[in-house]
2 protein chains.
Amino acid sequence: MSYGKVDAALAEKLEEIVGKDRFQYGSGVGEDYSHDEMPIYGKHCPEAVCLVESTEEVSGIMSLCYEHEVPVTVRGAGTGLVGGCVPLCGGVVISTARMNKILGYDMKNLTVEIQPGVLLKDLAADALDRGLMYPPDPGEKTATVGGNVSTNAGGMRAVKYGVTRDYVLAMTVVLPDGQIMKLGKAVCKTSSGYSLLHLMIGSEGTLGIITQLTLKLIPKPIADMSFILPFEDIAAAISSVPSIKLANLDPQSIEFMERDIVDSSAAFTNNPVFPTVVNGREAGAYILVTLVGDSEEELEGKMERLGQVAEDCGAYDTLVVWDEAMKRAVWAARSAFLTAIEAETRLVDEMDVVVPVDRIAEFLLYSHDAAEEEGIRLRSFGHAGDGNLHIYCCSNQLEEDEFKKRVKKLMDKCYAKCAEFGGQVSGEHSIGHAKKAYLRESVGERAYGLMAAIKQVFDPKGLLNPGKVCHDIEMQ
Amino acid sequence: MSYGKVDAALAEKLEEIVGKDRFQYGSGVGEDYSHDEMPIYGKHCPEAVCLVESTEEVSGIMSLCYEHEVPVTVRGAGTGLVGGCVPLCGGVVISTARMNKILGYDMKNLTVEIQPGVLLKDLAADALDRGLMYPPDPGEKTATVGGNVSTNAGGMRAVKYGVTRDYVLAMTVVLPDGQIMKLGKAVCKTSSGYSLLHLMIGSEGTLGIITQLTLKLIPKPIADMSFILPFEDIAAAISSVPSIKLANLDPQSIEFMERDIVDSSAAFTNNPVFPTVVNGREAGAYILVTLVGDSEEELEGKMERLGQVAEDCGAYDTLVVWDEAMKRAVWAARSAFLTAIEAETRLVDEMDVVVPVDRIAEFLLYSHDAAEEEGIRLRSFGHAGDGNLHIYCCSNQLEEDEFKKRVKKLMDKCYAKCAEFGGQVSGEHSIGHAKKAYLRESVGERAYGLMAAIKQVFDPKGLLNPGKVCHDIEMQ
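Quick caveat: nothing in here was measured; it's all calculated off a predicted structure. (Residues numbered from 1 in each chain as written. Chains lettered and ligands numbered in written order. Predicted model: local features only at pLDDT ≥ 70, side-chain atom pairs only at ≥ 80, totals over all residues. Heavy atoms only, no water.)

Side note on the relation of the copies chain B and chain A
And then number 1: Relative to chain A, chain B is turned by 180 degrees and slid 0.0 Å along the rotation axis, the superposed coordinates differing by an RMSD of 0.0 Å. Put plainly, the chains are arranged around a two-fold axis. (Least-squares fit on C-alpha atoms with pLDDT ≥ 70 in both.)

Right, here's the structure in full:
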């Protein structure tokens, strides 16, 4: 595929749209725009960057790029892990970082209208101030909500509330030719034609550019309580999950973590919040459960039931995270896992597979064995309630080429095992360009072909985020 | 568009696939197959009917029809209200009525595998027997679950649990050329390419034929309690809904009903379960709320809060539906609304719009005024928590032509008002062929064109359920 270039004349027109301060061109383009948080998948510099502030600006830029056949890649906070916002074919990067306004709440319909560049943590905090909650809670709080929608991020509370998809009621998108289109409405139910809204969610900026979002909120829960359940090993820990789910406790989150990652995190934060020896026994893995309810009393009743279930499943104890400071410390430790991993290793690669809940332990054990064979160190944690695992491959002192070679062999094995277990390639990090081959293998040629044909319907010139998801390019 | 016909040679081949007992042809085709529950939109007889029992049979039939360019319309229980299963162009009707097996539960992952012809009431009862609940609860319990998925039906519990879409994890579909494809996996989270699964949900049998479903279940709630809140009029009743939602009661359902429909239902069932005079005042409208929880005590606590909110919002009282018999009677009355309406009128037409919750009353008042102008009698009820209204237009003694003319004028006005209020054409009944023009107007030419292009991707010969949703045919 041969794309147009951002020449001086086009650059001038683009600069006219956003203004000098919000435009970068050629050697003036910041290095940051060439990668996300997984630079191991390759860096690619855009020819120009536009820091947009409105739907109209995005529309103007797209119209120009459509005319000149220049590729456009949209970027939120750049916190992705699969190269999703990396402009493989150069062209223009549209950054939504400045489209970070919360436009307004509708307290009668419990919705909020935002720009896509609002950070997850800012929306979460602002909603809480109004007595409301935005349920999706991915670990990376500095991601943009637009990015979360583009990857259908799930996060830690998905087991109770569902994923980002379930909270997007409507959006404004700019199509590749610059046309502005509204999808969905601020209503909670619809059966009105094919859901273009659901097609756009999780499409990683390859079908249209999201410039505004209407999201569903819920009332903030009145009380919550977290519990640490230490187990002998990961198999024991995971085997408790179906029982916890069946006990009618409707937990807000059920996270799992292996002992290794807890140790890494404790060393990194210098704050060992997870006890390593419980009642005289070494803990090999943990389940972290959060319950929510109407009152402390209600939660104390549920706590008793949880304690009983945990005991029956072989937990060493059910440790209540009583005070607010401790609760913050525990969840801060959970949120710091990735950073702690990165601090220990020079290079890192990752898998974000999702498998049926009862196959988590088996999958982890398989991965550890396979990693040992390849001489790769693993760290893992994830969302036990959803079967969504985050498995990080660490290079230790391996050279990049050798590491990549070994990781490739490891991942080939693991993704094949994931398919065998009835799993999916990605639970929430998406496909980008890093996982394309595994997606293709997983869904099969017919489904992959249907996706590619849908891409063609929306984006006949292949301009939006080329080379991602199901779009093939000859690398230039 | 010119389609092939089911000639004697093709009929013979079709009969070979399903066997003599499950095949109808020509004059042997039952009249039922020519319409759904809204015959006013026109009856169209198929040339042949196949009562399939397996995915392989559907695949075999589709391959033949693809080769001979014969249209195929899939039909569940025929309980639709927009002509969705009516074979406008003749051809073959595939009935899933015999694909009614619940194939198995996975108690570790809380999923169930079913054939598409399982009736909603059968799945609901069977899951309850296992201590589980299938949350979607559309009013029509004799609909098939496959039909519910094809229309993304919502029902009475959507305000707490979401709609059918939220419970479909995976499906097997047969594509127009007969290829069998699996979409999704039995996992609760995914970000693995465009969601063909979500595209198929709500597509009314126009993109593929669903032959198997993997559904998500939840543990059955331990306790539930229902409450009738009588109000002076519909405006007062609806104005209570945001307060009920904000009170952190997480109600399982918030239904509204106007006095008229309650009277019709009482006359029809001969069982007046809704009190018409409360504390000496005539009730003009009702809100019916169901709360669920861990115990009767928890619900009694919530009941107090609900009572306070209701009082603040002008409810005459908060009437607790205490015993099981009464609860059944109340919900039976609610479920009998449509039948009660049909018993009173010769002809009926309906709207299933969804508007923001705070516009429900205003929309109803507008509709009543418009109906009065056209001399049409309305009956309405619906899902107040979701903004989903079911408005029935009754002919009384009008002749069919006159009724249709007046209804058309009324609907044109109402759908325009719905769009003005930021609503959608259908909350859960879908588009079929009855609401196509309103869909097109509501979503706009670009979105309608994208839908039509997606149809073309899946079904290039236009064989699946022609003339529905976004597919245009010259009526033959």
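Moving on from the model shown.
Description of the pairing of strand S2 (residues 48-51) of chain A
Residues and elements named next belong to chain A.
And then number 1: Here S2 shows two buried faces, one formed by Ala 48 and Cys 50 and the other by Val 49 and Leu 51.
And then number 2: By the bridge criterion, 3 bridges tie strand S1 (residues 23-25) to S2 in an arrangement that is antiparallel. The residue bridging Gln 24 from the neighbouring strand is Val 49, located in S2.
And then number 3: Sheet topology note: the S2/strand S4 (residues 92-95) ladder contains 4 bridges and is parallel. In the strand pairing of S4, Cys 50 is matched with Ile 94. (Buried < 20%, exposed > 50% of the residue type's maximum accessible area, 1.4 Å probe, protein only. Helix = DSSP H or I, 4+ residues; strand = E, 2+ residues; numbered from the N terminus. Pairing = 2+ DSSP bridges.)

Structural notes on the interface of chain B and chain A
And then number 1: Counting residues at the interface gives 79 residues for chain B and 79 residues for chain A.
And then number 2: Buried surface at the junction of chain B and chain A, both sides included, amounts to about 6600 Å², of which 58% is carbon and sulfur.
And then number 3: Our count for the chain B to chain A interface comes out at 8 salt bridges.
And then number 4: Across the pair A:Arg446 and B:Asp177 runs a salt bridge, and its minimum N-O distance is 2.9 Å.
And then number 5: Elements with a minimum of two residues in the side of chain B that touches chain A: strand S9 (180-184), helix H6 (196-200), helix H8 (241-246), helix H10 (296-312), helix H15 (436-443) and helix H16 (445-458) of chain B.
And then number 6: In terms of residue count, the dominant contributor to the side of chain B that touches chain A is H16(B) (9 residues).
And then number 7: Residues belonging to the side of chain B that touches chain A are distributed by class as follows: 35 nonpolar, 27 polar and 17 charged. (Contact = heavy atoms within 4.5 Å. Buried area = accessible area lost by both parts, 1.4 Å probe. Salt bridge = Lys/Arg side-chain N within 4 Å of Asp/Glu carboxyl O. Nonpolar A, V, L, I, M, F, W, Y, C, P; charged D, E, K, R; others polar.)

Details of the sheet that holds strand S2 (residues 48-51) of chain B
All names here are of chain B.
And then number 1: Read across the sheet, 4 strands follow the order S1-S2-S4-S3 without closing on themselves; strand pairing throughout is mixed. Lying at the two open borders of the sheet, with one neighbouring strand each, are strand S1 (23-25) and strand S3 (72-75). The sheet shows a mean angle of 15 degrees between the axes of neighbouring strands, taken without regard to direction.
And then number 2: Across 4 bridges, the pairing between S3 and strand S4 (residues 92-95) is parallel. Opposite Arg 75, over in S4, you have Ser 95 as the bridge partner.
And then number 3: Along the sheet, helix H1 (residues 8-18) makes contact with S1, S2 and S4, crossing S1 at roughly 165 degrees. (Axes fitted to C-alpha atoms, helices over the stretch in contact; angles between N-to-C directions.)

Some details on unusual backbone geometry
Residue and element names in this part refer to chain B.
And then number 1: At Leu 110, a position not held by glycine, the phi torsion is positive, near 55 degrees.
And then number 2: Checked against the element boundaries, Leu 110 lands in the loop between strand S5 (102-106) and strand S6 (111-114).
And then number 3: Residue class for Leu 110 comes out buried when judged on its relative accessible area of 5%.
And then number 4: Here Asn 152, not a glycine, exhibits a phi torsion of approximately 50 degrees, which is positive.

What to know about the packing of helix H13 (residues 360-374) of chain B against helix H14 (residues 400-420) of chain B
In helix packing, the relevant descriptors are the interaxial angle and the interaxial distance, both defined with respect to the helix axes.
Residue and element names in this part refer to chain B.
And then number 1: Two numbers describe how H13 lies on H14: the axes approach to 10 Å, and their chain directions differ by 155 degrees. Taken together, the axis directions place H13 and H14 in an arrangement best described as roughly antiparallel. In this structure, the crossing between H13 and H14 has a hand that is right-handed. Between H13 and H14, the residues in contact are Phe 363, Tyr 366, Ser 367, Ala 370, Ala 371, Glu 373 and Glu 374 and Arg 406, Lys 409, Leu 410, Lys 413, Cys 414, Lys 417 and Cys 418, respectively.
And then number 2: Broken down by class, the residue content of the contact of H13 with H14 amounts to 7 nonpolar, 1 polar and 6 charged. (Parallel < 35°, antiparallel > 145°, perpendicular 65-115°, else oblique. Left-handed = near helix turned anticlockwise from the far one by under 90°.)

A few points about empty space enclosed by the protein
And then number 1: Scanning the entire structure with this criterion turns up 3 cavities of 30 Å³ or more.
And then number 2: Its volume calculated, the largest cavity comes out at about 60 Å³.
And then number 3: Taken together, A:Lys245, A:Val355, A:Pro356, A:Val357, A:Gly385, A:Asp386, B:Asn109, B:Thr111, B:Ala186, B:Val187 and B:Cys188 form the lining of the largest cavity.
And then number 4: Here the lining of the largest cavity is built from residues that sort into 6 nonpolar, 3 polar and 2 charged.
And then number 5: The computed volume of the second largest cavity comes to approximately 50 Å³.
And then number 6: Lining the second largest cavity are A:Asn109, A:Ala186, A:Val187, A:Cys188, B:Lys245, B:Val355, B:Pro356, B:Val357, B:Gly385 and B:Asp386.
And then number 7: Tallied by class, the residues present in the lining of the second largest cavity amount to 6 nonpolar, 2 polar and 2 charged. (1 Å grid on protein atoms, 1.4 Å probe; cavity = no way out; pocket = protein on both sides within 12 Å on 5 of 7 lines; lining within 4 Å. Points joined across faces, edges and corners; volume = space filled by probe spheres on them.)

Side note on helix H2 (residues 55-68) of chain A
Residues and elements named next belong to chain A.
And then number 1: In a regular helix each residue adds 1.5 Å, so 14 residues correspond to 20 Å; H2 covers 20 Å between its end C-alpha atoms and thus fits that length.
And then number 2: Those residues of H2 that sit buried are Thr 55, Glu 57, Val 58, Ser 59, Ile 61, Met 62, Leu 64 and Cys 65.
And then number 3: Immediately downstream of H2, the backbone of Glu 69 shows phi near 55 degrees, a positive value. (Expected span 1.5 Å × (residues − 1).)

Focus: the confidence of the model for chain A
And then number 1: Chain-level statistics for chain A give a pLDDT mean of 95 and a share of 99% at 70 or above.
And then number 2: Reported confidences for the modelled complex are a pTM of 0.96 and an ipTM of 0.95. (pLDDT = per-residue confidence, 0-100.)

Section: the side chain of B:Gln24
Residue and element names in this part refer to chain B.
And then number 1: Among the structural elements, Gln 24 can be located in strand S1.
And then number 2: Among the polar contacts made by the side chain of Gln 24, one reaches the main-chain amide nitrogen of Gly 30 at a distance of 2.9 Å.
And then number 3: With residues up to four places along the chain from it excluded, the contact list for Gln 24 reads Val 29, Gly 30, Tyr 33, Glu 47, Ala 48, Val 49 and Leu 51. (Polar contact = N/O pair within 3.5 Å; in protein donor to acceptor, adjacent residues only side chain to side chain.)

Topic: the packing of helix H1 (residues 8-18) of chain A against H2(A)
Residue and element names in this part refer to chain A.
And then number 1: One can describe the packing of H1 onto H2 by two numbers: an axis separation of 9 Å at closest approach and a directional angle of 170 degrees. Taken together, H1 and H2 sit at an angle that is classed as roughly antiparallel. For the pair H1 and H2, contact is made by Leu 10, Lys 13, Leu 14, Ile 17 and Val 18 and by Glu 57, Gly 60, Ile 61, Leu 64 and His 68, respectively.
And then number 2: Residues of the contact of H1 with H2, tallied by class, amount to 6 nonpolar, 2 polar and 2 charged.

Details of the environment of A:Gly26
Residues and elements named next belong to chain A.
And then number 1: Within the fold, Gly 26 resides in the loop between S1 and S2.
And then number 2: Judged by its relative accessible area of 41%, Gly 26 falls in the partly exposed class.
And then number 3: Separated by 53 residues in the primary sequence, Gly 26 and Thr 79 have C-alpha atoms spaced 23 Å apart.

Observations regarding the sheet that holds strand S5 (residues 102-106) of chain A
Residues and elements named next belong to chain A.
And then number 1: Read across the sheet, 5 strands follow the order S5-S6-S10-S8-S9 without closing on themselves; strand pairing throughout is antiparallel. Strand pairing shows two members of the sheet lacking a second neighbour, S5 and strand S9 (180-184), which therefore form its edges. Neighbour-to-neighbour, the strand axes of this sheet turn through a mean angle of 15 degrees, independent of strand direction.
And then number 2: Docked against the sheet, H2 engages strand S8 (168-174), S9 and strand S10 (209-216), running at close to 45 degrees with respect to S8.
And then number 3: In the packing of helix H3 (residues 120-129) onto the sheet, contacts are made with S5, strand S6 (111-114) and S10, and the angle to S5 comes to roughly 35 degrees.

Quick word on the nonpolar core
And then number 1: Residues A:Met171, A:Ile287, B:Met171 and B:Ile287 are the most contacted members of the largest nonpolar core, which totals 251 residues.
And then number 2: Looking at this core element by element, the count peaks at 8 residues for helix H15 (residues 436-458) of chain A.
And then number 3: The residues touching A:Met171, leaving out its near neighbours within four places in the chain, are A:Val149, A:Met181, A:Lys182, A:Leu183, A:Leu197, A:Met200, A:Ile201, A:Ile210, A:Gln212 and A:Leu213. (Core = buried A, V, L, I, M, F, W, Y, C linked by side-chain atoms within 4.5 Å.)

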